[in-house]
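Examining the three-dimensional arrangement
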Amino acid sequence: MKVVTTLEDLRHARAALPGPVGLVPTMGYLHEGHVSLARRARAECASVAASIFVNPTQFGPSEDLASYPRDLPRDLALLEAVGVDLVWTPPPEVVYPAGFQTWVTVNEVTQHLEGAQRPTHFRGVTTVVAKLFNAFRPDRAYFGQKDAQQVVVIKQMARDLNFAVAIVVCPTVREHDGLAMSSRNAYLDPAQRAAAPVLFHALSAAATAYAAGERDAEILRELMAGIIDAEALARRQYVSCADPETLQELYGPIQRALLSMAVYIGKTRLIDNLVLGDM
Ligand code: PAF
């Protein structure tokens, strides 16, 4: 496995990779969710590349950039074990050199859900992912359904800017009790960790109600909100029942929907989602 930090070394190493090339973009502190993306890429592509970069521009001023967990040696060992061929671990000044002033923004699907709570987040994501696509020129890029809105936004960007890359969405990987894997789970103390599956419980209760015939978006939202609010350590930021493509909130009877939520457990902000109906 080749590990490079400069853009020149990345381009050189990328040029030597046989195609198709699969890319797994990450911010490091890898867990089984990331590993599942790399395994899928390994199964589908002749070469697998990954990036490890804690992207400062997708964090808001009061968010956790400084404390975001990092463990590069462990991350590299995990990627090597899966058979990844090339890893880029650039320092911030390689991605954002002095004088940097160009941004990629997606206008509409960024307005709702996470974008409404984190107004500068998706501009940072799309800008860095566009730079990763330019640097790696992947044939396929792998993202987790855990970040449902990110997937919608990146697909839109790739379509609008003619990136010749297939966006592959992989299922959310969960702990035994349903908690979606996330690097931020490392922030939870034991009591908070015990409370954190409440997000999955709320989503599952709404999915069960839907399976039993409930189709009213507002009732599904209220059901999820009630379960979150009954957990003393949880503070609900939003619960949503939205159109899976436009991400606009739904009202009245639904067929397909993206159920999603952001919930604080202590100071840790967790997100999770489930899709109702056929994908
Ligand atoms: O999903 C993530 O880890 C990040 O948002 C990504 C796609 C690597 C961009 O920094």
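Preceding block: the structure.
Below is a summary of the structure that appears in this document. (Residues numbered from 1 in each chain as written. Predicted model: local features only at pLDDT ≥ 70, side-chain atom pairs only at ≥ 80, totals over all residues. Heavy atoms only, no water.)

The next point concerns the site of the ligand. Every residue near the ligand is listed here: Pro25, Thr26, Met27, Asn55, Gln58, Val128, Phe143, Asp147 and Gln150. Between an oxygen atom of the ligand and a side-chain N or O atom of glutamine 150, the distance comes to 2.7 Å. Compared with its free state, where it exposes 290 Å², the ligand has 88% of that area covered by protein. (Near = heavy atom within 4 Å. Polar contact = N/O pair within 3.5 Å; in protein donor to acceptor, adjacent residues only side chain to side chain. Areas by Shrake-Rupley, 256 points an atom, 1.4 Å probe, with all protein chains shown as cover.)

So, on to the packing of aromatic side chains. Ring pairs (aromatic) are described by centroid distance and by the angle formed between their planes. Summed over the entire model, instances satisfying the criterion amount to seven aromatic pairs. Aromatic side chains phenylalanine 59 and tyrosine 68 sit 5.7 Å apart centroid to centroid with 80° between the ring planes, which places their arrangement in the edge-to-face category. Judged by its relative accessible area of 8%, phenylalanine 59 falls in the buried class. With 5.4 Å between their ring centres and 75° between their planes, phenylalanine 133 and phenylalanine 163 make a pair best called edge-to-face. A residue pair is termed long-range when its members are at least 10 positions apart, and phenylalanine 133 in helix H6 (residues 121-136) and phenylalanine 163 in the loop between helix H7 (148-160) and strand S6 (166-170) qualify at 30 residues. For the pair shown, phenylalanine 133 and phenylalanine 163 are each scored as buried. Taken together through their ring pairs, the aromatic side chains of Phe53, Tyr96, Phe100 and Trp103 make up a single cluster. Just above the ring of tyrosine 251 sits the side chain of arginine 221; from NZ or CZ to the centre is 4.8 Å. (Phe/Tyr/Trp six-rings, centres within 6.5 Å; stacked < 30°, edge-to-face > 60°. Buried < 20%, exposed > 50% of the residue type's maximum accessible area, 1.4 Å probe, protein only. Helix = DSSP H or I, 4+ residues; strand = E, 2+ residues; numbered from the N terminus. Lys NZ or Arg CZ within 6 Å of the ring centre and 35° of its normal.)

Attention now goes to the sheet that holds S6. Where strands meet in a sheet, backbone hydrogen bonds hold them as pairs that are either parallel or antiparallel. The strand order across the open sheet built from six strands is S1-S4-S3-S2-S5-S6, with neighbouring strands paired in parallel fashion. Of all strands in the sheet, those bounded by a partner on one side alone are strand S1 (2-4) and S6. Within this sheet the neighbouring strands show an average axis-to-axis angle of 25°, counted without direction. Relative to the sheet, helix H3 (residues 72-82) contacts S1, strand S3 (47-52) and strand S4 (86-88), its axis offset from that of S3 by approximately 165°. Where H7 meets the sheet, its contacts fall on strand S5 (140-144) and S6, and the angle it forms with S6 comes to roughly 170°. (Pairing = 2+ DSSP bridges. Axes fitted to C-alpha atoms, helices over the stretch in contact; angles between N-to-C directions. Contact = heavy atoms within 4.5 Å.)

Moving on, we get to empty space enclosed by the protein. One way to see where empty space is left: roll a probe the size of a water molecule over the atoms. A complete count under the given rule lists one cavity of 30 Å³ or more for this structure. What the largest cavity holds in volume is close to 50 Å³. Residue contributions to the lining of the largest cavity peak at three residues, all from strand S9 (residues 268-276). For the lining of the largest cavity, the class distribution of residues is six nonpolar, two polar and two charged. (1 Å grid on protein atoms, 1.4 Å probe; cavity = no way out; pocket = protein on both sides within 12 Å on 5 of 7 lines; lining within 4 Å. Points joined across faces, edges and corners; volume = space filled by probe spheres on them. Nonpolar A, V, L, I, M, F, W, Y, C, P; charged D, E, K, R; others polar.)

Here we take up H6. Here H6 spans 22 Å end to end across 16 residues, near enough to the 22 Å set by a 1.5 Å rise per residue. H6 sits mainly inside the fold: 13 of its 16 residues count as buried. Two residues or fewer past H6, arginine 137 is found with a positive phi of approximately 45°. (Expected span 1.5 Å × (residues − 1).)

One can describe the packing of helix H9 (residues 198-211) onto helix H10 (residues 217-229) by two numbers: an axis separation of 9 Å at closest approach and a directional angle of 150°. The pairing of H9 with H10 is recorded here as roughly antiparallel in orientation. You can see that H9 and H10 cross each other, and the crossing is right-handed. Contacts from Val198, Leu199, His201, Ala202, Leu203, Ala205, Ala206, Ala209 and Tyr210 of H9 reach H10 at Leu220, Leu223, Met224, Ile227 and Ile228. (Parallel < 35°, antiparallel > 145°, perpendicular 65-115°, else oblique. Left-handed = near helix turned anticlockwise from the far one by under 90°.)

One pass over the structure, following the stated rule, counts 13 salt bridges. Salt-bridge contacts for arginine 193 lead to aspartate 177; the nearest nitrogen and oxygen are separated by 2.9 Å. Of the two residues, arginine 193 sits in helix H8 (residues 190-195) while aspartate 177 sits in the loop between S6 and H8, which places them 16 residues apart along the sequence. Under the relative-accessibility criterion, arginine 193 is labelled partly exposed at 22%. The exposure class assigned to aspartate 177 is partly exposed, which follows from its relative accessible area of 23%. In this structure, arginine 256 and glutamate 245 form a salt bridge, with 3.4 Å as the shortest nitrogen-oxygen distance. Of the two residues, arginine 256 sits in the loop between strand S7 (234-242) and strand S8 (257-265) while glutamate 245 sits in the loop between S7 and S8, which places them 11 residues apart along the sequence. Since its relative accessible area comes to 26%, arginine 256 is described here as partly exposed. Within this structure, Arg40, Glu44 and Arg140 form a network of salt bridges that share partners. (Salt bridge = Lys/Arg side-chain N within 4 Å of Asp/Glu carboxyl O.)

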